[in-house]
Amino acid sequence: MAAEKHGEAQSAVMDENKEKKPEEGLGLEILQIIKDSQQQHGLRHGDYQRYRGYCSRRLRRLRKTLGFKMGNRHKFTGKKVTVEMLSDSRYLLLVLMEAERAWSYAMQLKQEANTEPRKRFHLLSRLRKAAKHGEELERLCESPRVDAKTKLEAQAYTSYLTGMLWFELQEWKAAMEAFNKCKTIYEKLASAFTEEQAVLYHQRVEEISPNIRYCAYNIGDQNAINDLMQMRLSAGGGGGMIAEKLEALITQTRAKQAATMSEVEWRGRTVPVKIDKVRIFLLGLADNEAAIAQAANEDTKERLYETLLSECRDSIQAVREEIKADSQRERAMDMDTGKVSNLQYLHSYLTYLKLWTVVKRNESMAQALHAKLKEPQPDENKRGPRPQDLIRLYDIILQSLAELSVLQGLEEDHSFQKEVALKTLVYKAYRCFFIAQSYVLVKKWSEALVLYERVLKYAREVQSQSRNLKNSLKDLPDVQELISEVNAEKYSLQAAAILDTEDVCETPLQSQVKDGKPLCERLETFSIDASLVGKQPNLVQFPPEFQPIPCKPLFFDLALNHVAFPPLDDKVEQKGKGGLTGYIKGIFGFGS
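Worth saying up front: this structure is predicted, and the values here are computed from it rather than measured. (Residues numbered from 1 in each chain as written. Predicted model: local features only at pLDDT ≥ 70, side-chain atom pairs only at ≥ 80, totals over all residues. Heavy atoms only, no water.)

1. A short note on the packing of helix H2 (residues 30-40) against helix H6 (residues 148-168)
Angle between the axes and distance between the axes are the two parameters that describe a pair of packed helices.
Then, in step 1: Contact geometry for H2 and H6: axes closest at 9 Å, N-to-C directions at 55°. Taken as axis vectors, H2 and H6 run oblique relative to one another. Residues Ile 30, Leu 31 and Ile 34 of H2 touch H6, and the partners they reach there are Thr 150, Glu 153, Ala 154 and Tyr 157.
Then, in step 2: Here the contact of H2 with H6 is built from residues that sort into five nonpolar, one polar and one charged. (Axes fitted to C-alpha atoms, helices over the stretch in contact; angles between N-to-C directions. Helix = DSSP H or I, 4+ residues; strand = E, 2+ residues; numbered from the N terminus. Parallel < 35°, antiparallel > 145°, perpendicular 65-115°, else oblique. Contact = heavy atoms within 4.5 Å. Nonpolar A, V, L, I, M, F, W, Y, C, P; charged D, E, K, R; others polar.)

2. Details of unusual backbone geometry
Then, in step 1: Phi at Gln 170 takes a positive value of approximately 60°, unusual for a residue other than glycine.
Then, in step 2: Turning to its location among the elements, Gln 170 is positioned in the loop between H6 and helix H7 (172-192).
Then, in step 3: A relative accessible area of 45% places Gln 170 in the partly exposed class.
Then, in step 4: Positive phi values are uncommon outside glycine, yet Lys 443 reaches one of about 60°.
Then, in step 5: Among the structural elements, Lys 443 can be located in the loop between helix H17 (414-441) and helix H18 (445-465). (Buried < 20%, exposed > 50% of the residue type's maximum accessible area, 1.4 Å probe, protein only.)

3. What to know about the packing of aromatic side chains
Then, in step 1: All told, the structure shown has 20 aromatic pairs when counted by the stated rule.
Then, in step 2: Here Tyr 48 and Trp 103 contribute two aromatic rings whose centre-to-centre distance is 5.8 Å and whose plane-to-plane angle is 75°, an arrangement assigned as edge-to-face. Linking Tyr 48 in helix H3 (residues 48-66) with Trp 103 in helix H4 (residues 90-112), this pair joins segments that are 55 residues apart in sequence. For the pair shown, Tyr 48 and Trp 103 are each scored as buried.
Then, in step 3: The structure contains a cluster of three or more aromatic residues connected by ring pairs, namely Tyr 394, Tyr 427, Tyr 430, Phe 433, Phe 434 and Tyr 452.
Then, in step 4: A cation over an aromatic ring shows up here: Lys 79 above the ring of Phe 68, its NZ or CZ 4.9 Å from the ring centre.
Then, in step 5: The cationic tip of Arg 204 hangs over the ring face of Tyr 160; the distance from NZ or CZ to the ring centre is 4.4 Å. (Phe/Tyr/Trp six-rings, centres within 6.5 Å; stacked < 30°, edge-to-face > 60°. Lys NZ or Arg CZ within 6 Å of the ring centre and 35° of its normal.)

4. Section: the pattern of salt bridges
Then, in step 1: By the definition in use, this model includes 16 salt bridges.
Then, in step 2: A salt bridge links Glu 168 to Arg 120, with the shortest nitrogen-to-oxygen separation between them at 2.2 Å. One end of the pair, Glu 168, is in helix H6; the other, Arg 120, is in helix H5 (residues 119-141), with 48 residues separating them in the sequence.
Then, in step 3: Overall, the relative accessible area of 1% leaves Glu 168 in the buried class.
Then, in step 4: Classification of Arg 120 as partly exposed rests on a relative accessible area of 31%. (Salt bridge = Lys/Arg side-chain N within 4 Å of Asp/Glu carboxyl O.)

5. Digging into the environment of Asn 218
Then, in step 1: Note that Asn 218 resides in helix H8 (residues 195-219).
Then, in step 2: Remark: the alpha-carbon pair of Asn 218 and Trp 172, spanning 46 residues in sequence, is separated by 6.7 Å.

6. A few points about the nonpolar core
Then, in step 1: Within the largest apolar cluster, 72 residues are counted, with the highest numbers of intra-cluster contacts made by Leu 282, Leu 346, Leu 350 and Leu 353.
Then, in step 2: If you tally residues by element for this core, the top one is H17, at 13 residues.
Then, in step 3: Apart from the residues within four sequence positions on either side, Leu 353 is in contact with Phe 281, Leu 282, Leu 285 and Cys 312.
Then, in step 4: Tyr 54, Met 70, Ala 130 and Phe 167 belong to the second-largest nonpolar core, a separate cluster that totals 64 residues. (Core = buried A, V, L, I, M, F, W, Y, C linked by side-chain atoms within 4.5 Å.)

7. Points about H7
Then, in step 1: Given a rise of 1.5 Å per residue, 21 residues ought to cover 30 Å, and the 30 Å separating the end C-alpha atoms of H7 matches this to within 8%.
Then, in step 2: Residues of H7 that are buried: Trp 172, Ala 175, Ala 178, Phe 179, Cys 182, Ile 185, Tyr 186, Leu 189 and Ala 190. Projection of H7 onto a plane perpendicular to its axis shows the buried side chains occupying an angular sector of 165°, all on one side. Every exposed residue of H7 that faces more than 90 degrees away from the buried side is listed here: Lys 173, Glu 177, Lys 188, Ser 191 and Ala 192. (Expected span 1.5 Å × (residues − 1). Arc of directions from axis to C-beta.)

8. A word on the confidence of the model for the protein
Then, in step 1: Taken as a whole, the protein shows an average pLDDT of 79; of its residues, 76% reach a score of 70 or greater.
Then, in step 2: Across the protein, the secondary-structure element scoring lowest on mean pLDDT is helix H14 (residues 328-331), at 49, and the one scoring highest is H5, at 93.
Then, in step 3: When the criterion is pLDDT under 50, residues 235-240 qualifies, and its contacts beyond four places in sequence or with other chains add up to ten contacts.
Then, in step 4: Here residues 331-336 is a poorly scored stretch, pLDDT under 50, and it has eight contacts once near neighbours within four places are set aside; other chains count. (pLDDT = per-residue confidence, 0-100.)

Now the structure itself:
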């Protein structure tokens, strides 16, 4: 509580700094002050009660500082701020905080009115009070002592509160006029200042745009429904008051189209649909799935999944009540055909949709967490996602698939059972993969390696069984990517296990080297050997043992002894032929 009050004191000092006193008159940054106060005191989490308490304490401090007392401890004396009092911009802030207090109380009552409808009357009273204070602020700002910017902001703020009041009263035309006036003023203010200062005004324009389109639709503009459907895909979905109105509008639009829908076909059987709530849900199923596929971010996708699941649960409850109200003959199993009744089959179909939506939602969350696991964490002290978080998601997926396999009316549908079994194998593989990663974090290398082998076993089973069920793998994660990731993780694990010499003593004995073989003789088998990272690693046997090798053969040329050479007598020169005469002729060249 002390820390909260200290924070309020700091924010009060900051707001007072925003209350400027230029030469031309008093000034008050109305939108900046209320936005900062709302974000710092509860509205970031939708806690209107906390913000209302802050406004009350702020009012008390302002009145005490300005000497603006409302009587004494024994008697209350009503007192209003007048134009003559405007010597300090804090008098304007006093009226602004009164309007904010009434508005926050109205929003708090709106949250509580979902379970207690009588509080709606008090809600309207508080909104009228807020609008009245807004008008008083606008009247005070008309004084020549106040600068032009503050006058415009006061007019826009009053138009916003008035529009909220008419919106809640379903006076669509008056609400639209007020919101349009507020939007026009903020757009002009945004164009008159720098880009940094204009951001706040643009945000307020985006906040009230869904309200304007909703009012236009209720007045009679049918084109506005398309804009509203696109806003549903935005991160905030309109936010606050407009979000509930938008969901009600979509339901109302589908109800008009549901009159033409009379039956639904699933797994070769056509079932009549007579319950209006179920018709509306089935009619909007394709739109909901398309909206989820087009969602811009994970928060929007999660919100749309929750909306779809809520509508599905309501439809299932309506079918259950119809089954209870039905006769014993309709409820019982048809002994002639051996099929369940149409209502029970419709119940199985809706249950299938609910369970499969749960599977897809958890798979989407798991993929987002898996992507964050791969990203480096900027802050080591801040807790990031862990593999244990994904294990829980896959547990829920496997539980939903187990419920799918026992749906009434599908026990004899062998193709359906095979599809569920195949999907179960896929998600078992992913669950086992993240269990292995959780063991890697605690350096249990042997357990992680065994689990990685189990993942590969599941993945190979999926690949072998998917030949006849290729269509069933369209909506499932790709196991081939998982196999590649597991193979990469296995090598990383083996390297980490070898390098981690501190915890070798805690490693199970069966994974350690017992026979003392060098590394070159056991390259195909992973085992933990502490000597590999020591000063004398056992890589090869040195010196190597002597091994017998064949010697170089000796060759003897025995064939030469049996070779008969040809005679060379005709080529041998005769001795003594020619004598001295021939010798002289040879010298002088006479004989040539």
